[in-house]
Amino acid sequence: DADGQWYLGTMYADGRGVLQDDEEAVRWFRLAVDQGDVDGQWCLGTMYADGRGVPQSNEEAVKWLQLAAEQGGKNAQCDLGTMYADGRGVPQSNEEAVKWYRLAAEQGYADGQWCLGEMYESGRGVPQDYKEAVKWYRLAADQEHSDAQERLVDICNKDFVAGVNDEEVEYE
């Protein structure tokens, strides 16, 4: 079935229980994709983005990430957001990046929450809002997202965050 094909693809991609083989991983991801598997689409997109087992192609990566993201794949939504933020395979657009990060973040995806927090902190694609940044960093940190945890510590150790008090940022 598609889930098994996707899982076998991840095993080949990571070298878990089998010799690591990107081309074999792509073969299994394609079999899953042929059955409409969202995770397979996401993984195939990342393989194209990184040039693993296939020629590197940002455009092809975006094609597969977009397909998975539109079906609600939170990993793909976050990765597609990054493609927009970086202008890889699509015209650079912070607003579009925020849209995709938010979709992933609202599904509880820690990387999406982290990325959305960064956008709010820097004011890219949204008005700069430290309180909103801290909100998203905390949600990611609560899921053991180490970058978000470190960022919250940095924020707690600095007084530059206007309008955010220590009680709002405190993280144990």
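Now for a description of the structure that goes with this document. (Residues numbered from 1 in each chain as written. Predicted model: local features only at pLDDT ≥ 70, side-chain atom pairs only at ≥ 80, totals over all residues. Heavy atoms only, no water.)

**Observations regarding the overall build of the protein**
Helices and strands together make up the secondary structure of the protein, namely 10 helices and zero strands. On the principal axes, the C-alpha backbone points of the protein span a range of 50 × 35 × 25 Å. Counting over 172 residues, the protein shows a buried share of 47%. Sequence separation of at least 24 residues holds for 42% of the intrachain contacts in the protein that already meet a minimum separation of 6. Of the roughly 8,600 Å² that the protein leaves accessible, carbon and sulfur atoms contribute 45%. When the 15 positive and 35 negative side-chain charges of the protein are each reduced to one mean point, those points stand 3 Å apart. (Helix = DSSP H or I, 4+ residues; strand = E, 2+ residues; numbered from the N terminus. Buried < 20%, exposed > 50% of the residue type's maximum accessible area, 1.4 Å probe, protein only. Contact = heavy atoms within 4.5 Å. Areas by Shrake-Rupley, 256 points an atom, 1.4 Å probe, with all protein chains shown as cover. Lys, Arg positive; Asp, Glu negative; His and termini not counted. Charge placed at Lys NZ, Arg CZ, Asp CG, Glu CD.)

**A short note on the nonpolar core**
Nonpolar side chains tend toward joint burial in soluble globular proteins. Grouped together as the largest cluster of nonpolar side chains are 50 residues, with contacts concentrated most on Leu80, Tyr101 and Leu116. In this structure Tyr101 touches Gln77, Cys78, Gly81, Thr82, Ala85, Gly112, Cys115, Leu116 and Met119, once residues within four positions along its chain are discounted. (Core = buried A, V, L, I, M, F, W, Y, C linked by side-chain atoms within 4.5 Å.)

**Examining the side chain of Ser93**
In this structure, Ser93 sits in the loop between helix 5 (74–86) and helix 6 (94–106). Note on Ser93: relative accessible area 19%, which makes it buried. Non-local contacts of Ser93, meaning those with residues more than four positions away in its chain, are made with Tyr84 and Ala85.

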